[in-house]
Amino acid sequence: MNSALKDKYAIVGIGYTPQGRVPGRTSLSFHLEASANAIADAGLQKSDVDGFICYRHFPAASDETDLTPNRIAQHLGISPAYMYQDAN
């Protein structure tokens, strides 16, 4: 963990999406919806986000590009200074 983050404050939001197979949805769409819901849950605007942590790595479907925090942040239109993704 970056020592510059130690003992700092964090505002955390939680976002969720429908579960299971949902026709017409991509892996990216679920991640974007959950992230947007988490930002709203925290009472923030996208411009307020300076750190982005994704829980677990869920591989994209075989016909989709792999999802990374950087790709999700790019599609959300945010540029956080800190990004992390739990390896499993």
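Preceding block: the structure.
Conventions we followed
- Residues numbered from 1 in each chain as written.
- Predicted model: local features only at pLDDT ≥ 70, side-chain atom pairs only at ≥ 80, totals over all residues.
- Heavy atoms only, no water.
- Salt bridge = Lys/Arg side-chain N within 4 Å of Asp/Glu carboxyl O.
- Buried < 20%, exposed > 50% of the residue type's maximum accessible area, 1.4 Å probe, protein only.
- Helix = DSSP H or I, 4+ residues; strand = E, 2+ residues; numbered from the N terminus.
- Pairing = 2+ DSSP bridges.

Asker: Mind showing me how you'd approach the pattern of salt bridges here?
Answerer: Opposite charge on two side chains lets them pair, provided their charged atoms get close. For the structure on display, the rule yields one salt bridge. The salt bridge partner of Glu33 is Arg25, with a shortest N-O separation of 2.7 Å. Glu33 gets classed as partly exposed once you look at its relative accessible area, which sits at 28%. By relative accessible area, which is 28% here, Arg25 ends up partly exposed.

Asker: Could you clarify how one ought to interpret the pairing of strand β1 (residues 51-54) in this entry?
Answerer: Looking along a regular strand, one sees side chains alternate from face to face of the sheet. On β1, burial follows the alternation: Phe52 and Cys54 on one face are buried, whereas Gly51 and Ile53 on the facing-out side are not. Direction of pairing for β1 relative to strand β2 (residues 82-85): parallel, over a ladder of four bridges. Across the sheet, residue Phe52 finds its bridge partner in β2, namely Met83.

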